[in-house]
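What follows is each chain in one-letter form.
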Amino acid sequence: MIRFILRRLAQALPTLLAVVTVSFFLMRLAPGGPFDLERPLAPAALENLRRVYGLDRPLIVQFGSYLASLARGDLGPSFSFRDQSVLDLIVRGLPVSATLGALALGLAALLGVGLGIAAALRRGGAVDRLLGVGAALTLSLPSFVVAPLLQIAFGLTLRWLPLGGWEGGSPSHLVLPVVTLALPQVGALARLTRASLGEVLRTQPIRTMRSLGLPPARVTRHALRGALLPVVAYLGPLAAALLTGSVVVETIFGLPGIGRYFVEGALNRDYTLVMGTVLLVAGLVIALNLAADLACAWLDPRLRADA
Amino acid sequence: MTSPAGRALSRLGRTRTAMAALIVLVLIGLACLIGPGVTGREPERAYPDLRQLPAGLAAQPDPAHLGPALERLAFRMRVKLEAVAREGDTLRLTLRSDAGVDRRSLAYLPRSGLFGPPDVLEERDAGRSLAIAVPIRQLHFPLGTDVQGRDLLTRCLVAGRVSLAIGLAASLVALLIGVAYGATAGFLGGAVDAVMMRLVDVLYALPFVFFVILLLVFFRPSLLLMLVAIAAVEWLDMARVVRAVTLSLRERDFVRAARALGLGTPRIILRHIVPNTLGPVAVTATLLVPQVILLESFLSFLGLGVQEPQTSWGVLIAEGARSIEAAPHLLAGPAVLLIATLVALNLLGDGLADALDPRVG
């Protein structure tokens, strides 16, 4: 098991290196720079700024020094947020995105898996028939449509909840963004659970248990262990996507999370901020995929032999 | 029909939801294709007097909009309206100006789009007063108009052309890359397969949406760039599916026979492997199109995708979201069309998957 984890971590390094390289050169080769302001700077001032931030050196040297500082855990200073390091900004933005993501993940998993189980246990029942169309419907609800609709309904018409903002993460400000993030995933998870559990329930061991007269609840518990494998495997990338923030949801609800910093960084050519956020997202994707694989190995002994 | 494909098709025909989804898709496609020519409104034609009309079937301009529109036109024509009388679809107006009514300014009336060409009935006071008759046009805006007074229905349909075209084109590119890549990896197997699929794993771990956004922010957004960017993200699933199917096909007798007959690898892949992956490929492709359309609208919503004067559902939804308090119908129109398309595509994909599954039915 330890060797498996170590091997996966070793495999993650080239991926992260690829992420850093691609985003570094993509940004530097693009037209425009971080000091292109509305009013152009005096050439001497621009020259000074470029020297201070090391932008006057050859590209490959800059890349080398960026990698070197990265190895020391230093993400560099932000170009657009004066006197703040990228790490400061991430430390400020990550809790926002992570709180939203974790709540949305929990809500989606609870509702989705629950509905999926209900549908699989009663084929052709009310929940099953509802999921037939309902799952496809929630999958097709874009967050940028759901968010304004929720804002109209609960913010403007009913006036129950605020339209946006963070306010230190007060619960009333969290409801609408969390629901918007979770909604499409409820359908996806429900469908996955239903298909997987339905298949396991048809297998020979489960049929044998039934014929031996085991109580239905115990049979379901046995079936669930195997049936949750694909669900857990799906939860890994999903968690990464939700935890690192949805660009759209953070934009619409005006939340100061990672997605917002990324978009603002990209628009302002804030090289280091963009690199930092992209690297953070890639790292989380890798880590959570690994976590999902470990959870799968724990659920399924056959996968452990492989590891 | 006894072939597996025929059986699958007839099974699909019996699924009511899938058939309904197919019909909805065909209707939306046809509406976008021929609709803009039938609504009678140009997508770019703005009616400044009829901004943000709500959805409705009544003919425009209705009495509530007629008065302000006439006031605005009179101001432009530098005349005073002395008498306004409506007889059916014709307005009888008496215009007055102390400097004399300039007949050339009558052209403002038809130019507003609300009236037909005016007839001069009578001239009094040495040209200082003019009685005219103007036909009122009967305009219909079933979905209302946008902030600039453009017909929302026509714009939705024109936008649908762009959204659907990008969805299909990008999916096709992703399909070609995915099938070629997956079939090659699966058929060659061994070290080549390991390296190729390892690359796919690495690409999966990349925060691709972030890269697409970077690409579109840094280089000027264009349709071609977006097409390439979307296709580059979406081929991975297809490659995995095709590889898995190919692995199981590789050892089958007909492939061995082809090899024994001395056929080359490219020929076997093209003639024997790829045609047999069609079922799963069709399902994956059907579910891919809604993902692509969603990604396109997402990028357009952020202002990184389709640019003015072209429009897409994402662009219209973004416009609607901006004026949601004043005119909710601006969001409703394009959103309903987009969601209906996505739901129908997802349901069709589900139906196709069920129909092709030999274990069911």
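Residues numbered from 1 in each chain as written. Chains lettered and ligands numbered in written order. Predicted model: local features only at pLDDT ≥ 70, side-chain atom pairs only at ≥ 80, totals over all residues.

### Quick notes on the overall build of chain B
In plain terms, the rule: Only DSSP runs of H or I reaching four residues or more are called helices, and only runs of E reaching two or more are called strands; each is numbered from the N terminus. With C-beta atoms placed from the backbone, a residue is buried if 20 or more other C-beta atoms are within 10 Å of its own, exposed if 12 or fewer are, and partly exposed between those counts. Contact between residues is assigned whenever the C-beta positions, reconstructed from backbone atoms, fall within 7 Å.
Each helix and strand in chain B was counted, giving 13 helices and six strands. Based on the C-alpha atoms only, the size of chain B along its principal axes is roughly 105 × 50 × 40 Å. Burial status across chain B gives 40% buried among its 361 residues. Contacts in chain B between residues far apart in sequence, at least 24 positions, make up 68% of those at least 6 positions apart.

### Observations regarding the overall build of chain A
A tally of regular secondary structure across chain A gives 13 helices and zero strands. Overall, chain A shows an N-to-C arrangement of helices and strands of α-α-α-α-α-α-α-α-α-α-α-α-α. A principal-axis box enclosing the C-alpha atoms of chain A has dimensions of 85 × 55 × 30 Å. Within chain A, contacts between residues separated by at least 24 positions form 74% of all contacts whose residues are at least 6 apart in sequence.

### A look at the interface of chain A and chain B
Selection criterion: All residues other than Ala, Val, Leu, Ile, Met, Phe, Trp, Tyr, Cys, Pro, Asp, Glu, Lys and Arg, Gly among them, are scored as polar; the first ten of these are nonpolar and the last four charged.
At the junction of the two partners, chain A supplies 31 residues and chain B supplies 31 residues. Where the side of chain A that touches chain B is concerned, the elements lending two or more residues are helix H1 (2–29), helix H5 (126–139), helix H6 (143–157), helix H11 (258–267) and helix H12 (271–299) of chain A. Ranked by residues supplied to the side of chain A that touches chain B, first place goes to H12(A) with seven residues. By residue class, the composition of the side of chain A that touches chain B is 26 nonpolar, five polar and no charged.

### Let's talk about the domain arrangement of chain B
Here is the rule: Here the bounds of each domain stem from an automatic or database domain assignment.
Domain parsing of chain B yields domain 1 (4–39 + 145–356) and domain 2 (61–135). Relative placement of domain 1 of chain B and domain 2 of chain B: their C-alpha centres are 54 Å apart.

### Structural notes on the pairing of strand E5 (residues 129–135) of chain B
Residue and element names in this part refer to chain B. Applicable threshold: When DSSP locates at least two bridges between a pair of strands, those strands are taken to pair.
Relative to E5, strand E3 (residues 90–96) runs antiparallel, the two sharing seven bridges. Opposite Leu 91, over in E5, you have Val 134 as the bridge partner. Pairing of strand E4 (residues 119–124) with E5, which is carried by five bridges, proceeds in the antiparallel orientation. Residue Glu 122 lies in a different strand from E5, and its bridge partner there is Ala 131. As consecutive antiparallel partners, E4 and E5 are separated by four residues, and within that stretch Asp 125 has a phi angle of approximately 55°, a positive value.

### Digging into the packing of helix H4 (residues 86–121) of chain A against H12(A)
All names here are of chain A. Quick reminder of the rule: Axis lines are fitted through C-alpha atoms, for helices just across the contact stretch, and the angle between N-to-C directions can take any value from 0 to 180 degrees. Orientation labels follow simple angle bins: below 35 degrees gives roughly parallel, above 145 gives roughly antiparallel, 65 to 115 gives roughly perpendicular, and whatever is left gives oblique. Handedness of a crossing follows from how the near helix is turned relative to the far one, being left-handed for an anticlockwise turn of less than a right angle and right-handed for a clockwise one.
Between H4 and H12, the shortest axis-to-axis distance is 9 Å and the interhelical angle comes to 50°. With respect to H12, the element H4 is oriented oblique. Every pair of crossing elements has a handedness; the one defined by H4 and H12 is right-handed. On the side of H4, the interface is formed by Val 86, Leu 89 and Ile 90, while H12 contributes Thr 272, Leu 273, Gly 276 and Leu 280. Residues that form the contact of H4 with H12 fall into these classes: five nonpolar, two polar and no charged.

### Here we look at the sheet that holds E5(B)
Residue and element names in this part refer to chain B. Strands sit in the order E2-E3-E5-E4 across an open sheet of four strands; the sheet is antiparallel. Strand pairing shows two members of the sheet lacking a second neighbour, strand E2 (80–87) and E4, which therefore form its edges. The sheet shows a mean angle of 15° between the axes of neighbouring strands, taken without regard to direction.

### Structural notes on the UniProt feature "transmembrane region" (unreviewed entry) in chain A
Residues and elements named next belong to chain A. Stated precisely, the cut-off is as follows: UniProt positions are given in the numbering used here, feature names are shortened, and annotations may be inferred rather than shown by experiment.
UniProt records the feature "transmembrane region" (unreviewed entry) for residues 12–30, 96–118, 130–154, 174–192, 227–253 and 273–299 in the present numbering. Helix and strand shares over residues 12–30 are 95% and 0% respectively, and the end C-alpha atoms of the span are 27 Å apart. Counted over residues 273–299, helix gives 100% and strand 0%. Its end C-alpha atoms are 39 Å apart.

### Some remarks on unusual backbone geometry
Backbone geometry at A:Arg269 places phi at a positive 55°, although glycine is not the residue there. Along the chain, A:Arg269 turns up in the loop between H11 and H12.

### So, the nonpolar core
Going by this rule: Note on terminology: a nonpolar core is a set of buried residues of type Ala, Val, Leu, Ile, Met, Phe, Trp, Tyr or Cys, with members joined through C-beta atoms within 7 Å.
Formed by 158 residues in total, the largest nonpolar core has its most connected members in A:Val274 and B:Ile317. It is helix H5 (residues 152–188) of chain B that provides the largest number of residues to this core, a total of 17 residues.

### Comments concerning the packing of H6(A) against helix H7 (residues 171–201) of chain A
Residues and elements named next belong to chain A. For the pair H6 and H7, the least separation of the axes is 10 Å and the interaxial angle reads 145°. Our pair here, H6 against H7, has a crossing hand that is right-handed. Contacts from Ser 143, Val 146, Ala 147, Leu 150, Gln 151 and Phe 154 of H6 reach H7 at Leu 176, Val 179, Thr 180, Leu 181 and Leu 183. Broken down by class, the residue content of the contact of H6 with H7 amounts to eight nonpolar, three polar and no charged.

### Notes on the UniProt feature "transmembrane region" (unreviewed entry) in chain B
All names here are of chain B. Within this numbering scheme, the UniProt entry marks residues 164–187, 199–218, 281–306 and 326–349 as carrying the feature "transmembrane region" (unreviewed entry). Taken end to end, residues 164–187 is 100% helix and 0% strand, and its first and last C-alpha atoms sit 33 Å apart. Counting secondary structure, residues 326–349 comes out at 88% helix and 0% strand; the distance between its end C-alpha atoms is 38 Å.

### Considerations on the pairing of E3(B)
Residues and elements named next belong to chain B. In terms of strand pairing, E2 meets E3 through seven bridges, oriented antiparallel. The partner of Arg 86 across the bridge, within E3, is Leu 91. The hairpin turn running from E2 into E3, its antiparallel successor, is two residues long, and Gly 88 in that turn takes a positive phi close to 60°.

### Things to note about the confidence of the model for chain B
All names here are of chain B. Note the threshold: pLDDT expresses, on a scale from 0 to 100, how confident the predictor is about each individual residue.
Of the residues in chain B, 96% reach a pLDDT of 70 or more, and the chain-wide mean stands at 81. The secondary structure element of chain B with the lowest average pLDDT is helix H1 (residues 4–14), at 70, and the one with the highest is H5, at 89. In the predicted complex, the global pTM is 0.81; the interface-specific ipTM is 0.77.

### Overview of the confidence of the model for chain A
Scored by pLDDT, chain A has a mean of 82; 96% of the residues are at 70 or more. When mean pLDDT is taken per element in chain A, H4(A) scores highest with 88 and helix H13 (residues 301–306) of chain A scores lowest with 63.

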